[in-house]
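Architecture at a glance
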2 protein chains.
Amino acid sequence: MATEMTMDTLVAYKTDFESGCAEFLSRYPDSELYAPVRYLMGLGGKRLRPALVLAACEACGGQKAQALPAALAVELFHNFTLMHDDIMDDAPLRRGHATVHEKWNDNLSILSGDALHVMSCEALLDAPAEALPDLMRTFHRTALEVCEGQEQDMAFESREEVALDEYMEMIRLKTSVLLAASLRMGGRSAGSREETLDALYEFGLHVGLAFQLQDDYLDAFGDPEKFGKQVGGDILSDKKTFLLIRALEKAHGADYDALRSELGQKKEGKVGRVLDLYRRLGVDSELRDAMAGQVALAEGALARFEQSKSGALQGSKAAVSLLHGVAAMVTERLS
Amino acid sequence: MATEMTMDTLVAYKTDFESGCAEFLSRYPDSELYAPVRYLMGLGGKRLRPALVLAACEACGGQKAQALPAALAVELFHNFTLMHDDIMDDAPLRRGHATVHEKWNDNLSILSGDALHVMSCEALLDAPAEALPDLMRTFHRTALEVCEGQEQDMAFESREEVALDEYMEMIRLKTSVLLAASLRMGGRSAGSREETLDALYEFGLHVGLAFQLQDDYLDAFGDPEKFGKQVGGDILSDKKTFLLIRALEKAHGADYDALRSELGQKKEGKVGRVLDLYRRLGVDSELRDAMAGQVALAEGALARFEQSKSGALQGSKAAVSLLHGVAAMVTERLS
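The present account deals with the structure reproduced in this document.

The rules behind these values
- Residues numbered from 1 in each chain as written.
- Chains lettered and ligands numbered in written order.
- Predicted model: local features only at pLDDT ≥ 70, side-chain atom pairs only at ≥ 80, totals over all residues.
- Heavy atoms only, no water.
- Helix = DSSP H or I, 4+ residues; strand = E, 2+ residues; numbered from the N terminus.
- Rg over C-alpha atoms; globule rule 2.2 N^0.38 Å.
- Contact = heavy atoms within 4.5 Å.
- Areas by Shrake-Rupley, 256 points an atom, 1.4 Å probe, with all protein chains shown as cover.
- Lys, Arg positive; Asp, Glu negative; His and termini not counted.
- Charge placed at Lys NZ, Arg CZ, Asp CG, Glu CD.
- Patch = residues over 30% accessible without salt bridge, like charges linked within 9 Å, V, L, I, M, F, W, Y side chains within 5 Å.
- Salt bridge = Lys/Arg side-chain N within 4 Å of Asp/Glu carboxyl O.
- Buried area = accessible area lost by both parts, 1.4 Å probe.
- Polar contact = N/O pair within 3.5 Å; in protein donor to acceptor, adjacent residues only side chain to side chain.
- Least-squares fit on C-alpha atoms with pLDDT ≥ 70 in both.
- Phe/Tyr/Trp six-rings, centres within 6.5 Å; stacked < 30°, edge-to-face > 60°.
- Buried < 20%, exposed > 50% of the residue type's maximum accessible area, 1.4 Å probe, protein only.
- Lys NZ or Arg CZ within 6 Å of the ring centre and 35° of its normal.
- Core = buried A, V, L, I, M, F, W, Y, C linked by side-chain atoms within 4.5 Å.

1. Overview of the overall build of chain A
Across its full length, chain A holds 15 helices and 2 strands. For 335 residues, the compact-globule estimate of 2.2 N^0.38 gives 20 Å, and chain A sits close to it at 21 Å. Overall size of chain A, expressed as C-alpha extent along the three principal axes, is 65 × 50 × 35 Å. The long-range share in chain A, meaning contacts at least 24 apart out of those at least 6 apart in sequence, stands at 73%. When the accessible surface of chain A is totalled, it reaches about 13600 Å², and 52% of it is carbon and sulfur. Computed over 36 positive and 53 negative side-chain charges, the separation of the two mean positions in chain A equals 2 Å.

Following this line, the structure appears as structure tokens:
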């Protein structure tokens, strides 16, 4: 199965990343400030972003080592955002373990997060010199977009109504741009030209949107055995996801009143009733269509990427097929 | 008077900085995320750090415009640390106005601080290309040291005993290295060589230590009319400053018991009694000696700076005399 092959290749990149990451972290002192950094980085995760950096570099004909600084930068940055987001969300758990602010306290979590942010910048300084200014520009611009996305996400919580285009813009900023930047930075580390980098960026943007929409879908309709988190969590917390936003837009009369009456309450059987409403309104298939649309756009960008390279230095075929596989993962997990 | 001339030159650099800063901030959107950034940056301050960046650049024969990116980077970074420190200290006021977390909330203060940190990195990207990697290295390394200093400062609060060398190391990290880096980055923006930059850095380090020790001194023995803050604030909060640390080390018998009995209490007349003890133990003159020692080291570094430039491109005489003036400010304010 394609997904299994993709997972194997991802694991191989993850292994490369982990050894580079261990060496990088060993450069920092063994003091209180860095203990939360080592703890959070040690909780692991799929390392999807650094794997995409390394894959993009190899797909562009570069060597993995050239892209390791960029891979470290995006993963350290991602973990910095997790450390601060967990304070803001008052989240008790991260990857099944106590969050940093629970294990230590809010103040050290703010401060160690700040240090981790600086470390992500220091990691990038080892990138190939000719690529460095451009990498920095992409990295910092993306970082600001991620902050903007988090700000919008927090603002949506206290808003009565959120339109679908506002929601799509929020998830683009909060999650997709960092995937997109990972791919672009991998290609840039290999020295690829602008046209190639633009295609990689767009590929990442659409894959990121597809992943986030898939998260919305699985949180509602996922198999509890396969889905890591509690199914129905978004419904219980009235989270303004694609499903709720579209359902509120489409529902009329009794359906609208029924949906509205569930919000702000946690009455017995809420998840089941809301899921029934979602199905009756057809927002489940709308969401699947939206995902498929993002996957198609991602594949289109990938085709442009391959065209842009023709005649240029050949890249690793395994890396290119990983990128195809990552896009396919979205639809395969649904079937 | 020398101090007045120094202040005039500082104000001139501040004016240059403010117009560059206004232009820089105008590049960012007018959204919620940036409102706390504009608010805090708008509260002003002496802008000592960016003034030192610009002065160091001119003292090295460069043009102010070359150093504006570095000046922006250090001042934006400094304000980012203020925004986060104020959350950690639960401070209600900053420069006489509500702190960001009081005016908005903790979450937006964390997030806007993070954005401000990114903005400081983006500002530096406009630095002269040949200087950029080295500027980035100094900037990020210094940022980590500032985080380490803040961590130590917080840790000292809950510790029974702090030795003087630990205290000096903490204030070096928390406040001096950023002044030192400001001077180095100004010189680097002008294209100066390593020997010159090292002298500038060391000058900044000792000036920074002198300023911090002066703060400790004025908080205890300052003229309430001239000192901006409440005199005796450190004593009332049992802050482990140079004075308290040395007094606890030097006091014996009844003096030691008297000093210990004041800690953790706010009995009527505490400030006066502790000041008497400080005088009797001679830690006030010890602190003045320590300050004078740092000023002498700063002046020594400045002499090395001037030697290192001889024969090279001449720098602005006004800028060099500003640096002398800044060192002299420490001792003049005491007399």
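Now that the structure is up, let's keep going.
2. Describing a negative patch on the surface
Judged by side-chain charge, Asp89, Asp90, Glu102, Asp106 and Glu157 of chain A together with Asp89, Asp90, Glu102, Asp106 and Glu157 of chain B come together as a negatively charged surface patch. Topologically, aspartate 89 of chain A is positioned in the loop between α4 (64-88) and β1 (93-94).

3. With respect to the interface of chain A and chain B
With 34 residues of chain A in contact, the opposing surface of chain B contributes 34 residues. Here chain A meets chain B over a buried area of about 3100 Å², counting both sides, of which 72% is carbon and sulfur. Between chain A and chain B we count 2 salt bridges in total. In this structure, arginine 141 of chain A and glutamate 122 of chain B form a salt bridge, with 2.9 Å as the shortest nitrogen-oxygen distance. On the surface where chain A and chain B come into contact, there are 9 residue pairs in polar contact (both at pLDDT 80 or more).

4. What to know about the relation of the copies chain A and chain B
It takes a turn of 180 degrees to lay chain A on chain B, together with a shift of 0.0 Å along the axis; the resulting RMSD is 0.0 Å. The relationship between the two copies is best expressed as a two-fold rotation axis. Here 100% of the interface residues in chain A have copies in chain B that are interface residues too; the copies meet face to matching face.

5. Considering the packing of aromatic side chains
Residue and element names in this part refer to chain A. Tallying each qualifying case throughout the model produces 12 aromatic pairs over all chains. Taking the centre distance of 5.5 Å and the plane angle of 80 degrees together, the rings of tyrosine 39 and tryptophan 104 count as edge-to-face. Placement of tyrosine 39 in helix α2 (residues 35-42) and of tryptophan 104 in the loop between α5 (100-103) and α6 (106-124) is noted, with a sequence separation of 65 residues between them. Assessed through its relative accessible area of 18%, tyrosine 39 is described here as buried. Given the relative accessible area of 24%, tryptophan 104 is considered partly exposed. When the centroid spacing of 5.1 Å and the interplanar angle of 40 degrees are considered together, the rings of tyrosine 217 and phenylalanine 221 count as tilted. Note that tyrosine 217 and phenylalanine 221 are positioned in helix α9 (residues 194-221) at a spacing of 4 residues, about one turn of the helix. Residue tyrosine 217 shares its accessibility class with phenylalanine 221, and that shared class is buried. Over the aromatic face of tryptophan 104 sits the side chain of lysine 103, whose NZ or CZ is 5.5 Å from the ring centroid.

6. What about the nonpolar core?
Formed by 228 residues in total, the largest nonpolar core has its most connected members in Leu124 and Tyr278 of chain A together with Leu124 and Tyr278 of chain B. When residues of this core are assigned to their parent elements, the largest contribution, 14 residues, is made by α9 of chain A. Discounting residues that sit within four places of it in the chain, leucine 124 of chain B has contacts with Pro69, Ala70, Ala73, Leu132, Leu135, Met136, Phe139 and Met185 of chain B.

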